[in-house]
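Tertiary structure, described
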Amino acid sequence: MSVGWGLLQMFQTAKLFVERRTVHYFGRVQGVGFRYTTRTVSAGHNVTGYVQNLDDGRVRVIVEGEGDEIERFLAEVAERMSGYIRHAEVHKSPATGEFDGFSIEH
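Please read all numbers here as calculations on a predicted model, not as lab measurements. (Residues numbered from 1 in each chain as written. Predicted model: local features only at pLDDT ≥ 70, side-chain atom pairs only at ≥ 80, totals over all residues. Heavy atoms only, no water.)

1. Considerations on the pairing of strand β2 (residues 48–53)
- Direction of pairing for β2 relative to strand β3 (residues 59–66): antiparallel, over a ladder of 6 bridges. Looking at β3, one finds that Val-51 is bridged to Val-61.
- Hairpin geometry of β2 and β3 is characterised by an intervening segment of 5 residues between the two adjacent antiparallel strands and by a positive phi of about 100 degrees at Gly-57.
- Relative to strand β5 (residues 102–105), β2 runs parallel, the two sharing 4 bridges. Counted as the bridge partner of Gly-49 is Phe-102 from β5. (Pairing = 2+ DSSP bridges. Helix = DSSP H or I, 4+ residues; strand = E, 2+ residues; numbered from the N terminus.)

Below you can see the structure in the form of structure tokens.
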């Protein structure tokens, strides 16, 4: 019984470090491979979520993972797509755990 309790405590503690970020990118971010690049970058990071074009010309990224890992992921996306991003708005919230991987949504 104590082993199961210990695993539960470890799981709950680990979940405390998992975060969610919703990022809206502005600029010339559609039609330039932004979604494909973001999904490719995600493969090198322990993150889940999706990337999606919005009707108003922005791109939305919803990403979940440990805070430091999300920061590294977003920094790599920003570096690779720097010529297209004019501005990004980031909103931090608790993770939901709803994603199994990282995908392109339509």
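2. Let's talk about the sheet that holds strand β1 (residues 18–27)
- Taking strand neighbours across the sheet as the criterion, the 5 strands line up as β4-β1-β3-β2-β5 in an open arrangement whose pairing is mixed. In this open sheet, the two strands that pair with only one neighbour each are β4 (85–94) and β5. Taking each pair of neighbouring strands and ignoring which way they run, the sheet shows an average axis angle of 20 degrees.
- Contacts between helix α2 (residues 34–42) and the sheet are confined to β1, β2, β3, β4 and β5, with β5 contributing the most and set at about 170 degrees to the helix.
- In the packing of helix α3 (residues 67–80) onto the sheet, the strands contacted are β1, β3, β4 and β5, and the crossing angle to β3 comes to about 145 degrees. (Axes fitted to C-alpha atoms, helices over the stretch in contact; angles between N-to-C directions. Contact = heavy atoms within 4.5 Å.)

3. Thoughts on the packing of aromatic side chains
- If you walk through the whole model with that rule in mind, you get 3 aromatic pairs.
- Taken together, a centroid distance of 5.0 Å and an interplanar angle of 55 degrees make the contact between Tyr-25 and Phe-34 tilted. Here the two residues Tyr-25 and Phe-34 agree in accessibility, since each one is buried. (Phe/Tyr/Trp six-rings, centres within 6.5 Å; stacked < 30°, edge-to-face > 60°. Buried < 20%, exposed > 50% of the residue type's maximum accessible area, 1.4 Å probe, protein only.)

4. Remarks on the environment of Glu-69
- Its location among the elements puts Glu-69 in helix α3.
- Sequence separation between Glu-69 and Glu-19 is 50 residues, and the spatial gap between their C-alpha atoms is 9.9 Å.
- Not counting the four nearest positions on each side in its chain, Glu-69 is found in contact with Gly-44, His-45, Asn-46 and Val-47.

5. Overview of the side chain of Arg-20
- Checked against the element boundaries, Arg-20 lands in strand β1.
- Accessibility expressed as a relative area gives 11% for Arg-20, which makes it buried.
- Looking at Arg-20, its side chain comes within polar contact range of the side chain of Glu-98, at 3.0 Å.
- Other than its neighbours up to four places away in sequence, Arg-20 contacts Ile-62, Val-63, Glu-64, His-91, Lys-92, Ser-93, Pro-94, Ala-95, Thr-96, Glu-98 and Phe-99. (Polar contact = N/O pair within 3.5 Å; in protein donor to acceptor, adjacent residues only side chain to side chain.)

6. Concerning the environment of Ser-93
- Topologically, Ser-93 is positioned in strand β4.
- Separated by 73 residues in sequence, Ser-93 and Arg-20 have C-alpha atoms that sit 5.2 Å apart.
- Residue contacts for Ser-93: discarding those within four places in its chain leaves Glu-19 and Arg-20.

7. Description of the side chain of Glu-19
- Mapped onto the secondary structure, Glu-19 falls in strand β1.
- Engagement of the side chain of Glu-19 in a polar contact is seen with the side chain of Arg-21, the distance being 2.6 Å.
- Apart from the residues within four sequence positions on either side, Glu-19 is in contact with Val-63, Glu-64, Gly-65, Gly-67, Ile-70, Lys-92, Ser-93 and Ala-95.

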